[in-house]
Amino acid sequence: MNIRTRMENYLNLLLKIYDSSELDNLDLLFESLNKIFGTDGRVFVAGNGGSYAVASHVATDLAKLNNEDKTISTIHVGSNASLLTAQSNDDGYENALVNIIKNYKPNKDDILICISSSGNSQNILELIDYCNKLNVDTFSLVGFDGGKAKEASKHAIHFSSEKNYYGPIEDLHMSVFHLYAHFIKRDISEI
């Protein structure tokens, strides 16, 4: 089988996962991001492993957006590797993201977006729980069966993968934010 055929199969797999997913909260996520432009609210983004990289990319893309001369204040929780490892070493990895976000004093004007393929990372679950208690609007983008984050966050976007494929889930999570960025930039006529 040649690479072109394998690529086509991969894209078809993405569509298959997309077709079996729970995406009702996509509209709400986009509306929430639209409302935060030019306000004092901030968007906090977090993830682990490949989802950490997706979260970093998301934070970068959102921070670069400009909508009628208004921007979004975006913070990638855990992007300071020295602080992340110090918090993990001193107070446990499961508490590190909560300890870091406390420095920013999150509030009801903010949004938390957690990205997790499994939805079961303890540090992500602790972060969602902490932000829920502060009345922060919490979103999770999850994969596989949704994990505990699907239920813990106020709004879940679930790309269902019964075979627990990380790569396709991460690709679909990233595509959500690429789509949003292109909506704001209005630079792709096909969407």
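Residues numbered from 1 in each chain as written. Predicted model: local features only at pLDDT ≥ 70, side-chain atom pairs only at ≥ 80, totals over all residues. Heavy atoms only, no water.

**Details of the pairing of strand 3 (residues 111–116)**
Of all 6 residues in strand 3, 6 are buried, a share of seventy percent or more. Note: strand 1 (residues 42–47) against strand 3, 5 bridges, orientation parallel. Bridge pairing links V45 to I113 in strand 3. Sheet topology places strand 3 next to strand 4 (residues 137–142); 6 bridges connect them, and they run parallel. Across the sheet, C114 pairs through a bridge with S140, a residue of strand 4. In this fold, strand 3 hands off to helix 6 (residues 122–133), which returns the chain to strand 4; that crossover is right-handed. (Buried < 20%, exposed > 50% of the residue type's maximum accessible area, 1.4 Å probe, protein only. Helix = DSSP H or I, 4+ residues; strand = E, 2+ residues; numbered from the N terminus. Pairing = 2+ DSSP bridges. Right-handed = clockwise from strand over helix to strand, strands pointing away.)

**Brief notes about helix 2 (residues 26–36)**
The set of residues buried in helix 2 consists of L26, L29, F30, S32, L33 and I36. All buried residues of helix 2 project into a common sector of 160° when viewed along the axis, lining one side. Of the exposed residues in helix 2, those oriented more than 90 degrees away from the buried face are D27 and K35. G38 occupies a position one or two residues after helix 2 and carries a positive phi of about 70°. (Arc of directions from axis to C-beta.)

**As for helix 4 (residues 81–91)**
When helix 4 is considered as a whole, its buried residues turn out to be L84, Q87 and S88. Projection of helix 4 onto a plane perpendicular to its axis shows the buried side chains occupying an angular sector of 100°, all on one side. Summarising the geometry of helix 4, the exposed residues directed more than 90 degrees from the buried face are S82, N89 and D90. On its buried face, helix 4 sits against helix 3 (49–64) and helix 5 (93–101). N-capping of helix 4 is provided by N80, with a side-chain oxygen placed 3.1 Å from the backbone N of S82. Phi turns positive one or two residues past the end of helix 4, at G92, with a value near 95°. (Contact = heavy atoms within 4.5 Å. Polar contact = N/O pair within 3.5 Å; in protein donor to acceptor, adjacent residues only side chain to side chain.)

Don't take any of this as a statement about function, it's just geometry.
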